[in-house]
Structures are given as C-alpha cells and as structure tokens.
Amino acid sequence: MTSTSETSVAPAAAAKVARATADRQAPPANLVIFGAGGDLTKRLVVPALYNLVRARRLPDAFSIVGVGRGEEDTSSWRRNLRQMMDSLIADGGGEFRAAGLDEAAWDWLEHRMTFLPGDFTRPEIYSKLKSLLAQQSSNQRTSNVLFYLAVADKFFGSIIEHLGRAELTRQSNGAWRRVIIEKPFGHDLASARALNAQILRILGEDQIYRIDHFLGKETVQNILVLRFANGIFEPLWNRDHVSHVQITAAETVGVETRGKFYDGTGALRDMVPNHLFQLLGMIAIEPPVSFNANDVRAKKTELFSAIHPISPDDAVRGQYGAGTVLGKPVRGYRHEANVAPNSMTETYAALKLGIDNWRWAGVPFYLRTGKYLAARTTEIAIHFRQAPYALFRETPVERLPRNILTLRLQPDEGLSVSFSAKRPGQDIEIDGVAMDFSYHDYFEPLTAVGYETLIYDCLIGDAMLFQRADTVEAAWCAVQPVLDAWAARPPSDFPNYAAGSSGPDAADRLLQRDGHAWLPIGAHRRKGIADD
Ligand code: BG6
C-alpha cells in the first residue's frame with residue numbers, strides 16, 4: 001500500500017517543486033525601444049522590465065535607450081514612466097503585488113535609461129543611435145543589442161531597413177543583434193509574406209522575435225507541460241477519444257478607443273490567425289522531439305499547414321448591436337467612435353476547422369472570439385467521446401453528462417474535468433460532477449504583466465515562444481479563404497448579436513449541424529471571479 005504522503009501532494013510542497021528552477025540572469029545587453037513614449041512601452045514593456053529587475057533576472061551590465069518623437073528628454077521620459085508605474089501600482093493590478101513602487105528596483109532601472117529624441121522614419125536618428133550604442137557598449141562592455149519595435153506595424157519594415165543600412169543589425173565577435181516585433185505580422189497572406197521577405201533581407205530568422213502575447217501567458221505555456229509532462233492525457237489526445245474541441249476567447253470589452261484600427265481589422269484578423277491559432281497550436285501539435293525553439297515551431301507550422309481549406313459555410317461573423325454588458329447599457333458597434341456608421345466589420349468570428357492528419361482527422365475544432373460578450377473568458381474545452389452506455393438502459397444517452405476537460409486560461413486560471421458519478425441512494429442515478437484544479441490553490445499569484453518571460457527569453461536567445469516566418473504564413477494561409485469569401489460577400493444582417501449576449505445565432509447553428517453545442521460562455525468559472 002502506498003502511504004498517505006505519497007498519494008496526496010500538499011499544495012505547498014507541489015508549489016515548491018514547481019519553483020525549483022535555477023536562478024539565471026540574462027546576459028549583458030543594451031535594449032533599444034522604438035516608440036518609447038507609446039502605450040505599449042509604458043503599460044507593458046517597462047513594467048515587465050521592472051518585474052524582471054525585482055526577480056533579479058536582468059544583469060548589471062544592462063542599458064535602455066528609448067527612441068521617440070516629441071519633446072521628451074531623458075529626465076522627462078523617466079518621470080513619465082515612473083508616473084505610469086505609480087498609477088499601475090495604485091490601481092492594484094495583480095501584476096504588481098507590492099503596496100508601493102519598489103524604489104530600489106525602480107532606481108536600478110531608471111539609472112540605465114537614456115532617451116534619444118528623433119524621427120525614426122529619418123536616417124539621421126540611426127547615426128545618432130549608432131554613436132550612443134557605441135558609447136553604451138563600451139560602458140556595459142557588451143555589444144549585444146535588442147531592438148524592440150513598440151511602434152505601429154506599418155513602421156516595422158522601414159525601421160529594420162534603416163537599422164540594416166546603419167549596420168546596426170550586424171552581429172560580430174559573438175555579440176548578437178535581435179529585433180522584437182509585435183502582431184500584426186501582415187493583414188493577410190500576401191502582406192505577411194511581403195513583410196517577412198522585406199525583413200529577412202536584412203535579418204536572419206534567428207534574429208527576429210515575433211511576439212504573440214498569448215504565448216506570454218503562463219496558462220498557455222502550461223498546455224505543453226500538461227500534455228507532455230503527464231502520462232494520462234496524451235494517450236487520449238486523438239481522434240479515437242476526442243469528439244471535438246472548442247476554443248473560446250470571449251471579451252467583455254468593446255472596441256473602446258481603438259475604433260480606427262479595429263474598423264479596418266475586424267475580429268478574424270485581430271484574434272484568429274494569431275492568438276487563437278497559438279492556442280490551437282499548443283493543444284493540437286504533435287509531441288516535438290525537444291523544447292528547442294525550432295523543434296516546437298516546426299510542429300506548429302506542420303499543424304497549421306494540415307488545416308483543411310476552410311469552407312465559407314464553416315465560418316460565422318457577427319457584429320454587436322446595443323445591449324447590456326456586465327450590467328451596463330452600451331451602444332452598438334456602428335455608434336462607436338471612429339467606426340463607420342454602416343460598418344461591415346465583424347466584432348465576432350467563429351470557425352470550424354478540420355485538421356488533415358493522422359491524429360485529428362474527423363475531429364472538428366471550433367474557434368470563437370468576440371467583443372462585448374456575456375463574460376470574459378479564454379478557454380479550451382476538449383470534449384471526449386461518449387462512453388457506450390448500454391449498461392444504463394434507463395438513462396437516455398443524450399442525458400448522460402459529457403466528459404469534458406476544460407483548460408481555463410483566463411481569468412479564473414485552472415482546469416476541470418467533468419464526469420459521471422452515481423448519485424447516492426438506492427437507485428442507480430447518474431449525475432455530472434467535476435474535478436477542479438485552480439492555480440491559486442497551488443501557486444503564489446504571479447507578479448507579471450505577461451511580457452516578462454517573452455523579454456527574458458529573447459535576451460537569453462530562446463525563441464520557442466516566438467513566431468517563425470513560416471508559421472505566421474501557414475496561419476494566414478489557413479484563414480485566407482474566409483477573408484476572401486467575406487470580402488466578396490458583405491454581411492446582410494449586421495448587427496446580429498446584442499452586446500452582452502453569447503454571439504450570433506448562426507454560431508450556435510454551426511455546432512448544432514454536427515450535433516454539438518457551445519459551452520455557455522464562462523460556464524466553468526468559479527463564483528466570485530471578477531471579469532476584468
Ligand atoms: C489583442 C487584440 O492582440 O489581444 C485585442 O488586438 C484583444 O483586440 C487582446 O482585446 C486580447 O488579449 P488579452 O490578453 O486581453 O486576452
């Protein structure tokens with residue numbers, strides 16, 4: 001018999017094992033941020049650096065150069081960033097657990113910051129940057145440079161060309177030069193190919209780190225651990241046992257102040273070939289031979305390339321009308337700021353995908369995402385095949401609870417498995433019950449904005465969580481038929497879902513056709529978890 005201590009793992013002990021990774025500082029480097037005064041820098045990049053300082057992951061030999069337009073100088077830049085940090089901390093976000101700013105950590109960071117004003121569309125700034133970097137490199141005794149392009153995507157290509165012309169991307173004497181760019185990587189297959197071709201003329205693929213911030217989420221990274229560090233899931237992870245998979249990214253925000261960007265983009269481009277495909281990738285790839293970046297990314301590309309051409313009949317689009325979200329009345333999309341009054345842009349998209357490979361042939365993957373839905377939730381639900389219930393003749397098969405493994409990625413991070421149990425009593429009555437794992441029962445809340453791991457991984461040269469050119473193109477290639485079909489046939493029923501609902505009826509019919517139904521949005525969340 002096994003002893004109790006072997007059979008039950010106390011949360012505290014489990015957490016200890018999970019934390020037992022070696023402390024490892026990033027190598028000496030200079031970080032150059034283009035778009036130093038922008039929102040991404042203020043809200044995510046700098047707060048992530050601050051958290052990395054607190055976690056002692058940045059080396060002493062580290063400098064930060066902010067390139068930005070405007071009237072700023074080093075002291076006003078530092079002051080503005082500090083104000084932003086103070087307000088983020090005052091807002092009490094879980095990403096900063098301390099009551100106030102950690103002055104020592106902030107000082108450490110602030111003293112390494114230099115602002116370089118100038119127009120990054122002009123060549124002059126690059127020669128100034130070159131001299132500044134030469135100086136920083138000799139102070140820090142390293143020529144490693146990470147360029148972070150926290151700018152609108154239309155500038156990616158030209159900034160990289162300027163860097164190339166100024167010979168700032170050249171790697172020599174063992175020093176590396178890397179560039180981080182953020183989605184969108186193109187707006188369709190043709191523009192993604194063009195962007196890749198343009199930047200690959202200057203940089204090697206191993207110098208490019210394309211961020212999809214969903215891969216910065218702990219729960220998303222955990223999918224690989226769940227699948228490949230446990231013996232019990234993988235044997236069931238295939239067409240023999242899985243009936244279908246539902247991937248949901250539902251939001252309770254509308255387009256807010258992003259009308260201009262969003263109206264030219266839409267839910268499909270904004271969320272599907274990038275964020276939702278990252279979730280699809282993690283859940284459906286074949287086991288890689290290692291967690292080496294290229295091994296994992298090759299499997300993802302292979303998976304995306306195996307997506308069966310999507311028929312327009314398997315795609316549903318929606319746009320929200322007026323409604324009530326989290327108790328507050330909100331206006332319809334066409335009345336949002338900077339949105340055309342007759343806009344045909346979708347704020348909701350649902351797709352049914354088939355994957356033509358040995359493991360998944362015949363298993364539908366249903367993806368949905370939308371703004372202003374009933375609850376905020378990002379989750380993946382694996383629906384297993386029904387057991388042959390000949391034994392329970394009194395219970396109709398359709399009334400038997402389903403086995404569903406739900407990975408709650410946010411906001412109530414955890415995992416649950418639903419299954420059948422006998423209701424206590426003299427009769428055999430079957431009831432649906434669930435086993436639940438919740439992150440917060442086992443682990444300390446994480447102090448992270450979600451960019452820490454991504455920036456750190458880039459500094460140590462681990463590209464596993466970043467997109468490779470062929471993966472990006474394979475994803476666009478999969479959704480291109482839907483983009484084309486939607487562009488050719490404008491919707492006739494917009495707005496077709498009320499803000500605060502579960503989305504358009506057509507999305508329900510997409511599953512009903514196959515004898516399935518969406519899980520209600522937010523159904524697996526435990527009570528008391530706030531939406532935003
Ligand atoms: C962004 C999209 O990439 O991801 C937004 O442009 C969306 O429209 C956001 O709201 C969702 O990210 P998260 O981390 O809040 O789920």
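Residues numbered from 1 in each chain as written. Predicted model: local features only at pLDDT ≥ 70, side-chain atom pairs only at ≥ 80, totals over all residues. Heavy atoms only, no water.

Asker: Honestly, the site of the ligand in this entry has me stumped. Any pointers?
Answerer: By nearness alone, every residue bordering the ligand is listed as Lys183, His213, Phe214, Lys217, Glu251, Arg258, Asp270, Met271, His275, Lys371 and Gln410. At a separation of 2.8 Å, an oxygen atom of the ligand approaches a polar side-chain atom of His213. At 2.7 Å from an oxygen atom of the ligand is found a side-chain nitrogen or oxygen belonging to His275. Its free accessible area being 400 Å², the ligand has 77% of it covered by the protein chains. A total of 3 residues in the shell around the ligand trace back to one element, the largest contributor, which is helix 11 (residues 266-284). Grouping the amino acids of the shell around the ligand by side-chain chemistry returns 2 nonpolar, 3 polar and 6 charged. (Near = heavy atom within 4 Å. Polar contact = N/O pair within 3.5 Å; in protein donor to acceptor, adjacent residues only side chain to side chain. Areas by Shrake-Rupley, 256 points an atom, 1.4 Å probe, with all protein chains shown as cover. Helix = DSSP H or I, 4+ residues; strand = E, 2+ residues; numbered from the N terminus. Nonpolar A, V, L, I, M, F, W, Y, C, P; charged D, E, K, R; others polar.)

Asker: How do you make sense of the packing of helix 3 (residues 39-54) against helix 14 (residues 452-460) when you look at a structure like this?
Answerer: At a minimum axis distance of 9 Å, the contact between helix 3 and helix 14 shows a crossing angle of 75°. Taken together, the axis directions place helix 3 and helix 14 in an arrangement best described as roughly perpendicular. Contact residues: helix 3 offers Val45, Pro47, Ala48, Leu49, Asn51 and Leu52, while helix 14 offers Glu452, Ile455 and Tyr456. (Axes fitted to C-alpha atoms, helices over the stretch in contact; angles between N-to-C directions. Parallel < 35°, antiparallel > 145°, perpendicular 65-115°, else oblique. Contact = heavy atoms within 4.5 Å.)

Asker: Would you take a moment to explain empty space enclosed by the protein for this structure?
Answerer: This structure, assessed with the given rule, holds 2 cavities of 30 Å³ or more. Here the largest cavity defines a volume of roughly 110 Å³. Around the largest cavity, the lining comprises 13 residues; the ones closest to its centre are Phe185, Pro273, Asn274, Val472 and Trp476. Of all the secondary-structure elements, those providing two or more residues to the lining of the largest cavity are helix 11 and helix 15 (469-488). Element by element, the count of residues in the lining of the largest cavity is highest for helix 15, at 4 residues. Considering only residue class, the lining of the largest cavity consists of 7 nonpolar, 4 polar and 2 charged. Space inside the second largest cavity adds up to approximately 60 Å³. Lining the second largest cavity are Thr219, Asn222, Ile223, Leu226, Leu407, Arg408, Leu409, Gly414, Leu415, Phe437 and Tyr439. Elements with a minimum of two residues in the lining of the second largest cavity: helix 9 (218-228), strand 15 (404-410) and strand 16 (414-423). (1 Å grid on protein atoms, 1.4 Å probe; cavity = no way out; pocket = protein on both sides within 12 Å on 5 of 7 lines; lining within 4 Å. Points joined across faces, edges and corners; volume = space filled by probe spheres on them.)

Asker: I keep staring at the side chain of His516 and nothing clicks. Help me out?
Answerer: Residue position: His516 is located in the segment after helix 16 (505-512). We classify His516 as buried; its relative accessible area is 18%. Leave out the neighbours within four places in its chain, and His516 touches Ser243, His244, Tyr366 and Leu511. (Buried < 20%, exposed > 50% of the residue type's maximum accessible area, 1.4 Å probe, protein only.)

Asker: For this particular structure, what's the right way to read the packing of aromatic side chains?
Answerer: For any two aromatic rings, the description comes down to two numbers: the centre-to-centre distance and the angle of the planes. Counting across every chain of the model gives 21 aromatic pairs. Aromatic side chains Tyr209 and Phe466 sit 4.9 Å apart centroid to centroid with 80° between the ring planes, which places their arrangement in the edge-to-face category. You can see Tyr209 sitting in strand 6 (residues 208-211) and its partner Phe466 sitting in the loop between helix 14 and helix 15, a full 257 residues away along the chain. Among the aromatic residues, those joined into a cluster by ring pairs are Tyr262, Tyr320, Tyr333, Tyr348, Tyr372 and Tyr497. Just above the ring of Tyr456 sits the side chain of Arg57; from NZ or CZ to the centre is 5.0 Å. (Phe/Tyr/Trp six-rings, centres within 6.5 Å; stacked < 30°, edge-to-face > 60°. Lys NZ or Arg CZ within 6 Å of the ring centre and 35° of its normal.)

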